[in-house]
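Fold and contact review
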Amino acid sequence: KQAVRALGHLFLLWHRGVAKVDFDLASQKALPAAIRTLSDEAAVVQREALVAMQRACQVELSHATWQPQLLGSSCCLATLLVAADASLRTAALDLLAMLCGVSTQAAAASSAGGNLASAEPLTPEDLGEVWGA
């Protein structure tokens with residue numbers, strides 16, 4: 001549980017710009033470890049993993065493997081979305097919403113011919129346009 005919490009704090013430091021992102025550490029060790037813990041047997045570890053993954057979604061990296069790894073973590077959410085624990089379900093739904101945002105931003109950056117790091121943050125109005133609202 002503590003190791004997963006530490007990953008979440010590392011992602012938070014990267015998001016806030018307090019620590020410099022090491023791309024190899026981020027994409028080859030930290031993010032895969034957080035994704036693996038989504039499938040842990042202990043609910044307390046799963047909850048920490050969900051928080052860590054939510055923080056990972058906030059890290060703005062244009063590294064080639066970051067967004068695909070984040071989006072790939074959605075396959076681990078099926079059991080969490082139907083968990084008996086309401087807090088796990090809520091955190092899983094929150095993560096799913098954040099992954100949708102990552103996907104939408106990546107698609108917008110791709111269609112603009114840029115990368116995610118240079119893309120403007122999406123507003124709720126932008127999401128309405130994307131989803132036809």
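This structure is a prediction, so every number in the text was calculated from the model and none was measured. (Residues numbered from 1 in each chain as written. Predicted model: local features only at pLDDT ≥ 70, side-chain atom pairs only at ≥ 80, totals over all residues. Heavy atoms only, no water.)

Now for the overall build of the protein. Looking only at helices and strands, one finds 7 helices and 0 strands in the protein. When its helices and strands are written in sequence order, the protein yields α-α-α-α-α-α-α. Evaluated residue by residue, the protein yields a buried proportion of 36% over its 133 residues. Across the protein, the fraction of contacts at a sequence separation of at least 24, relative to all contacts at a separation of at least 6, is 59%. Of the roughly 7,400 Å² that the protein leaves accessible, carbon and sulfur atoms contribute 58%. (Helix = DSSP H or I, 4+ residues; strand = E, 2+ residues; numbered from the N terminus. Buried < 20%, exposed > 50% of the residue type's maximum accessible area, 1.4 Å probe, protein only. Contact = heavy atoms within 4.5 Å. Areas by Shrake-Rupley, 256 points an atom, 1.4 Å probe, with all protein chains shown as cover.)

With that out of the way, let us pick up helix H1 (residues 2-16). Counted at 1.5 Å a residue, the expected span for H1 with its 15 residues is 21 Å, and the 21 Å between its end C-alpha atoms agrees. Looking at H1, one finds that the buried residues are Val4, Leu7, Gly8, Phe11, Leu12 and Trp14. What you see down the axis of H1 is that its buried residues fit within an arc of 160°, all on one side. The exposed residues of H1 that point more than 90 degrees off its buried face are Gln2, Ala3 and Arg16. Positive backbone phi, approximately 80°, marks Gly17, located one or two places after H1. (Expected span 1.5 Å × (residues − 1). Arc of directions from axis to C-beta.)

All told, the structure shown has 2 salt bridges when counted by the stated rule. Arg5 is the salt-bridge partner of Glu48, the closest N and O atoms lying 2.6 Å from each other. One end of the pair, Glu48, is in helix H3 (residues 43-58); the other, Arg5, is in helix H1, and 43 residues separate them in sequence. For Glu48, a relative accessible area of 15% corresponds to the buried category. Overall, the relative accessible area of 30% leaves Arg5 in the partly exposed class. The partner of Asp85 in a salt bridge is Arg47, with the nearest N and O atoms 2.4 Å apart. With Asp85 in the loop between helix H5 (78-81) and helix H6 (86-111) and Arg47 in helix H3, this pair connects stretches of sequence that are 38 residues apart. Overall, Arg47 belongs to the partly exposed group, its relative accessible area being 29%. (Salt bridge = Lys/Arg side-chain N within 4 Å of Asp/Glu carboxyl O.)

Let us now look at the packing of helix H2 (residues 23-37) against H3. As a packed pair, H2 and H3 sit with axes 8 Å apart at the nearest point and diverge in direction by 140°. Judged on the interaxial angle alone, H3 and H2 are oblique. Crossing of H2 against H3: the hand is left-handed. Contacts between H2 and H3 involve Leu31, Ala34, Ile35 and Thr37 on the former and, on the latter, Val45, Gln46, Ala49, Met53 and Ala56. Considering only residue class, the contact of H2 with H3 consists of 7 nonpolar, 2 polar and no charged. (Axes fitted to C-alpha atoms, helices over the stretch in contact; angles between N-to-C directions. Parallel < 35°, antiparallel > 145°, perpendicular 65-115°, else oblique. Left-handed = near helix turned anticlockwise from the far one by under 90°. Nonpolar A, V, L, I, M, F, W, Y, C, P; charged D, E, K, R; others polar.)

Remember that the coordinates give geometry; whether it matters functionally is a separate question.
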